[in-house]
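# Observations on the three-dimensional arrangement
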Amino acid sequence: MEFTLQSRQSIIINLANLRQVKQLKKFGILYYVSKSMKYAVLYTDRELAQKACIAIGRLSSVKHAEISPRADLRMNFDDEQTADFKRTSED
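In this report, the structure presented in the accompanying data block is examined. Computed from a predicted structure; not experimentally measured. (Residues numbered from 1 in each chain as written. Predicted model: local features only at pLDDT ≥ 70, side-chain atom pairs only at ≥ 80, totals over all residues. Heavy atoms only, no water.)

## With respect to the overall build of the protein chain
Threshold: In this description a helix means any DSSP run of H or I spanning at least four residues, a strand means any run of E spanning at least two, and both kinds are numbered starting from the N terminus. In this scheme, a residue with accessible area under 20% of its type's maximum is buried, one over 50% is exposed, and one in between is partly exposed, where area comes from a 1.4 Å probe on protein chains only. To be clear on the numbers: accessible area is Shrake-Rupley with a 1.4 Å probe, and residue cover counts the displayed protein chains and nothing else.
Looking only at helices and strands, the protein chain has 1 helix and 4 strands in total. The burial tally for the protein chain puts 25% of its 91 residues in the buried class. Of the accessible surface of the protein chain, which amounts to about 7,600 Å², a share of 51% is contributed by carbon and sulfur atoms.

Below, the structure written as C-alpha cells:
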C-alpha cells in the first residue's frame, strides 16, 4: 500500500445560522467554525472544490461560500524572486 498526497482546497463559508453546520461534514473536512462571526472553513479535494462550493451555496443556512485564494498565492518571498526591490544601506 502506497501513500499518495492529495491536494486540498479550502472553502470559506458565511453562515446565516449555526444549526445546520453538521451538514457541511458531507462535503469534506470541517476544519474550523466561528460561533461569534458565523463562518466555517472546510477542506476538500481540489478537483471537487468547485462543485462542492456550488452545492454548499445552495444550502438554506449558508449566506455565501467561496474558494480560498491562498493556494494560488505566492508564499515564497526570497530575494531572488523579488528583484523589483533592491536592498539599500538603510536595511
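Further notes follow.
## Digging into the sheet that holds strand E1 (residues 8-15)
Operational definition: Pairs of strands are assigned from DSSP output, requiring at least two bridges between the strands. For helices, the fitted line uses only the C-alpha atoms of the stretch in contact; every axis is such a line through C-alpha atoms, and the angle between N-to-C directions lies from 0 to 180 degrees. Residues count as neighbours in contact if any of their non-hydrogen atoms are within 4.5 Å of one another.
An order of E2-E3-E1-E4 is seen for the 4 strands of this open sheet, with the pairing classed as antiparallel. Among the strands making up the open sheet, the edge pair consists of strand E2 (29-34) and strand E4 (62-67). Put simply, the sheet's adjacent strands are angled 20° from each other on average, direction ignored. Pairing of E1 with strand E3 (residues 39-45) involves 7 bridges; the strand directions are antiparallel. Looking at the pairing, Ile11 lines up with Leu42 of E3. Contacting E1, E3 and E4, helix H1 (residues 49-57) crosses the sheet at an angle of about 170° to E4.

## Topic: a nonpolar patch on the surface
The line we're drawing: For patch building, the residue pool is restricted to those with more than 30% relative accessible area and no salt bridge; the joining distance is 9 Å between like charges and 5 Å between nonpolar side chains (Val, Leu, Ile, Met, Phe, Trp, Tyr). What makes a salt bridge here is a side-chain nitrogen of Lys or Arg within 4 Å of a carboxyl oxygen of Asp or Glu, nothing more.
Nonpolar side chains collect at one region of the surface, where Ile29, Tyr31, Tyr32 and Tyr43 lie side by side and expose about 450 Å² of accessible area between them. Of all the elements, E2 adds the most residues to the nonpolar patch, at 3 residues. Counting through the fold element by element, Tyr43 comes out in strand E3.

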